[in-house]
Every structure is written in structure tokens, then in C-alpha cells.
Amino acid sequence: MATTLSRTISLLPGEETWTDYTVNVVATFSRGEGYGIIVRATGSTYYIFSVEMVNNCFSAIRVRGNSEVWVARKSFRDIGGGWTFPRRPEKHYITITAKGDHFTMTFNGIEVLNFRDSHYPTGRVGIGKWFGSDVAFESITIQRN
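Residues numbered from 1 in each chain as written. Predicted model: local features only at pLDDT ≥ 70, side-chain atom pairs only at ≥ 80, totals over all residues. Heavy atoms only, no water.

Visitor: Which residues make up the pattern of salt bridges, and what values go with them?
Guide: Scanning the model with the defined rule gives five salt bridges in all. For Arg62, the salt bridge is made with Asp117, and the minimal N-O distance between the two is 2.7 Å. Separated by 55 residues along the polypeptide, Arg62 in strand β6 (residues 57-64) and Asp117 in the loop between β10 (110-116) and β11 (124-130) bring together distant segments of the chain. The same class applies to Arg62 and to Asp117, which are both buried. (Salt bridge = Lys/Arg side-chain N within 4 Å of Asp/Glu carboxyl O. Helix = DSSP H or I, 4+ residues; strand = E, 2+ residues; numbered from the N terminus. Buried < 20%, exposed > 50% of the residue type's maximum accessible area, 1.4 Å probe, protein only.)

Rendered as C-alpha cells:
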């Protein structure tokens, strides 16, 4: 477990050479500012797909050490298709697919992020939370594509 930028992250068993995979997560969020799923982690570089309750948005952030760049972001209010605002506590069903330079994120069955970025082509999977958030990661599965 490591703490950076007020984030606590844990990498799961896996290989830094993994390229294409789908991560399915069931998480129950109870309080705090947010949490995320980490993909393509190698050393101090990774993407974090965030559920930002404090900012009412989903985001994908490219992290390199203490440097961060948003590569995708969508406000909760801009999501259609049967979307309902997350409640607390509530189970969240998240799927993240990384295939080549293409990434998607679904939240409770609705696509919330879809973008391309080629900075980090390989890496492990992890989980994270920040600023004292209370989240239980109940199930995490990784399917290599």
C-alpha cells in the first residue's frame, strides 16, 4: 500500500507486462470524497479511474509520480440513459476495459467514460481511496483480453 497526493492505493497481484484486460469491481461507498480503480500501473505511473463524489463526476487521470493529468472527465449531471445519482451507502458495479490505447468505464451498467490515450501501454491493476473515504471493495475480477 502506498500513499501519494492524499491517496492510498494498493496494487493487486499481477504482471507489469499485462496489456489488454477488463476489470470488474463491486464496491460499497459509505462516506468521503471518492475512490478509484487503477489500471496499467508500472512503478509510479498509472491511470486511475475515479468516482469523485466531492466533485460529482467520473474521471480518468494519468499519474506519473506526483504529476497528474486529466485525460477524461464527465459530470454526473451530464450522464443520461437511466442514470441515477449515487447514494450512500450503495453498491457500485464498475467495469473498466483497457485495450490498446482505448479505455472505457461503465458505472452500474451505464458507460460513463470512453477515450483514447497511449501513454501507459502495460501494467497491473489496483484500488485506491482518498481523504479518509470509506469504501469496501467487495469483488474484483480481472479478465485478460
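Right, picking up where we left off after that structure.
Visitor: How would you sum up the nonpolar core? Please name residues and give values.
Guide: If you look at the biggest cluster of nonpolar residues, it comprises 34 residues, and the most contacted ones within it are Phe49, Val51, Phe58, Ile94 and Met105. Listing elements by their share of this core, those giving two or more residues are β3 (21-31), β4 (34-42), β5 (45-52), β6, β8 (90-99), β9 (102-107), β10 and β11. The greatest single-element share of this core, amounting to five residues, is contributed by β3. Not counting residues within four places of it along the chain, the set of residues in contact with Phe49 comprises Tyr35, Gly36, Ile37, Val39, Ser59, Ala60, Ile96, Phe103, Met105, Leu113 and Phe115. Residues Ile9, Ile38, Ala41 and Ile61 belong to the second largest nonpolar core, which totals eight residues. (Core = buried A, V, L, I, M, F, W, Y, C linked by side-chain atoms within 4.5 Å. Contact = heavy atoms within 4.5 Å.)

Visitor: Give me the environment of Gly14: which residues, what numbers.
Guide: Mapping Gly14 onto the fold places it in the loop between β2 (7-11) and β3. Note on Gly14: relative accessible area 28%, which makes it partly exposed. Gly14 sits 38 residues away from Glu52 along the chain, and the two C-alpha atoms are 26 Å apart.

Visitor: Describe the sheet that holds β8, with residues and values.
Guide: Remark on secondary structure: sheet strands pair via backbone hydrogen bonds, oriented parallel or antiparallel. Within the open sheet, the five strands sit side by side as β10-β9-β8-β3-β12. Their pairing is antiparallel. Each end of this open sheet is capped by a strand with a single partner; those strands are β10 and β12 (134-144). The mean angle between the axes of side-by-side strands here comes to 15°, regardless of whether they run parallel or antiparallel. Summarising the sheet, β3 and β8 pair through nine bridges and their orientation is antiparallel. Its bridge partner being in β8, Thr22 is matched across the sheet by Thr97. (Pairing = 2+ DSSP bridges. Axes fitted to C-alpha atoms, helices over the stretch in contact; angles between N-to-C directions.)

Visitor: So, the environment of Phe103: which residues are in play, and what are the values?
Guide: For Phe103, the location among the structural elements is in strand β9. Along the primary structure Phe103 and Arg116 are separated by 13 residues, whereas in three dimensions their C-alpha atoms are 6.1 Å apart. Aside from chain neighbours lying at most four places away, what touches Phe103 is Val39, Arg40, Tyr47, Phe49, Thr97, Ala98, Leu113, Asn114, Phe115 and Asp117.

Visitor: Account for the packing of aromatic side chains, with residues named and values stated.
Guide: Under the defined criterion, the tally for this structure stands at 10 aromatic pairs. Clustering of aromatic rings is evident, with ring pairs tying together Tyr47, Phe49, Phe103, Phe115 and Tyr120. The ring of Trp70 carries the charged tip of Arg73 above its face, separated from the ring centre by 4.3 Å. (Phe/Tyr/Trp six-rings, centres within 6.5 Å; stacked < 30°, edge-to-face > 60°. Lys NZ or Arg CZ within 6 Å of the ring centre and 35° of its normal.)

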